[in-house]
Amino acid sequence: HSNHPNEITEDVMHALAKLKAAGVQLFNQSVLLKNINDDASTLAKLSQILFANEIIPYYLHLLDKVAGAQHFEVPDETAIEIYKELQATLSGYLVPKLVRENAEQASKTLIGMI
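Residues numbered from 1 in each chain as written. Predicted model: local features only at pLDDT ≥ 70, side-chain atom pairs only at ≥ 80, totals over all residues. Heavy atoms only, no water.

## Some details on the overall build of the chain
In step 1: Looking only at helices and strands, the chain has 3 helices and 4 strands in total.
In step 2: Overall, the chain is about 40 × 30 × 25 Å in size when its C-alpha atoms are taken along their principal axes.
In step 3: Within the chain, contacts between residues separated by at least 24 positions form 71% of all contacts whose residues are at least 6 apart in sequence.
In step 4: Carbon and sulfur atoms provide 53% of the accessible area of the chain, an area that totals close to 6,800 Å². (Helix = DSSP H or I, 4+ residues; strand = E, 2+ residues; numbered from the N terminus. Contact = heavy atoms within 4.5 Å. Areas by Shrake-Rupley, 256 points an atom, 1.4 Å probe, with all protein chains shown as cover.)

This is the structure in structure tokens:
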């Protein structure tokens, strides 16, 4: 669970390599966070560094509506625009699925898919 490329440090890369060597398939899920990773350039860098470390960039979550986190919320319309930029920038296998979790749903809901 990495949200920003700066989180993938040398120590993290070494730990991930150990997991890969043990046969673990790694997937990443990020949360779209205002003023942290709410631009296509940052998310593209994250996907690229993840993939370089054999991690599949799998989900990009919209923020859950929880008390105290509103200042990190990215509006849906903005998230979709960022996602479209990401699709235009990266190869398809590097683009995580844009999703939201809804309590009443059995699985994640895809957002803004073209």
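## Details of the environment of Leu 86
In step 1: On the secondary structure map, Leu 86 appears in helix α3 (residues 76–89).
In step 2: A C-alpha to C-alpha distance of 9.8 Å links Leu 86 and Ser 47, two positions 39 residues apart in sequence.
In step 3: In contact with Leu 86, other than residues within four places in its own chain, are Ala 40, Leu 43, Ala 44, Val 95 and Pro 96.

## Examining helix α2 (residues 40–52)
In step 1: Given a rise of 1.5 Å per residue, 13 residues ought to cover 18 Å, and the 18 Å separating the end C-alpha atoms of α2 matches this to within 8%.
In step 2: Those residues of α2 not exposed but buried are Ala 40, Thr 42, Leu 43, Ala 44, Leu 46, Ser 47 and Leu 50.
In step 3: Where α2 is buried, its residues touch β1 (26–31), β2 (55–61) and α3. (Expected span 1.5 Å × (residues − 1). Buried < 20%, exposed > 50% of the residue type's maximum accessible area, 1.4 Å probe, protein only.)

## Here we look at the nonpolar core
In step 1: Counting 15 residues, the largest nonpolar core has Leu 32, Leu 43, Leu 62, Leu 90 and Leu 98 as the members making the most contacts within it.
In step 2: Those elements that provide at least two residues to this core are α2 and α3.
In step 3: No other element matches the 4 residues that α3 contributes to this core.
In step 4: Residues in contact with Leu 32, not counting those within four places in the same chain, are Asn 37, Asp 38, Leu 43, Leu 60, His 61, Leu 62, Leu 63, Phe 72, Val 74 and Ala 79.
In step 5: By size, the runner-up hydrophobic cluster in this structure holds 6 residues, among which are Ile 8, Leu 16, Leu 46 and Leu 50. (Core = buried A, V, L, I, M, F, W, Y, C linked by side-chain atoms within 4.5 Å.)

## Some remarks on α3
In step 1: The terminal C-alpha atoms of α3 lie 20 Å apart, and with 14 residues this matches the ideal 20 Å at 1.5 Å per residue to within 8%.
In step 2: Taken residue by residue, α3 has Ala 79, Ile 82, Tyr 83 and Leu 86 as its buried positions. Projected onto a plane normal to the axis of α3, the buried residues spread over an arc of 100° and lie on a single side. Residues of α3 that are exposed and point more than 90 degrees away from the buried face comprise Glu 77 and Ala 88. (Arc of directions from axis to C-beta.)

## Considering the packing of aromatic side chains
For any pair of aromatic rings, geometry is given as the distance between the ring centres together with the angle between the planes.
In step 1: All chains considered together, the criterion is met by 3 aromatic pairs.
In step 2: Note on Phe 51 and Tyr 93: the rings are 5.1 Å apart at their centroids and 50° apart in plane angle, and the pair reads as tilted. On the criterion of sequence distance, the pair formed by Phe 51 in helix α2 and Tyr 93 in the loop between α3 and β3 (97–100) is long-range, its members being 42 residues apart.
In step 3: For the ring pair Tyr 58 and Tyr 59, a centre distance of 4.6 Å and an interplane angle of 70° mean the geometry is edge-to-face.
In step 4: Overall, Tyr 59 belongs to the buried group, its relative accessible area being 18%.
In step 5: By way of ring pairs, the aromatic residues Phe 27, Tyr 58 and Tyr 59 are connected into one cluster. (Phe/Tyr/Trp six-rings, centres within 6.5 Å; stacked < 30°, edge-to-face > 60°.)

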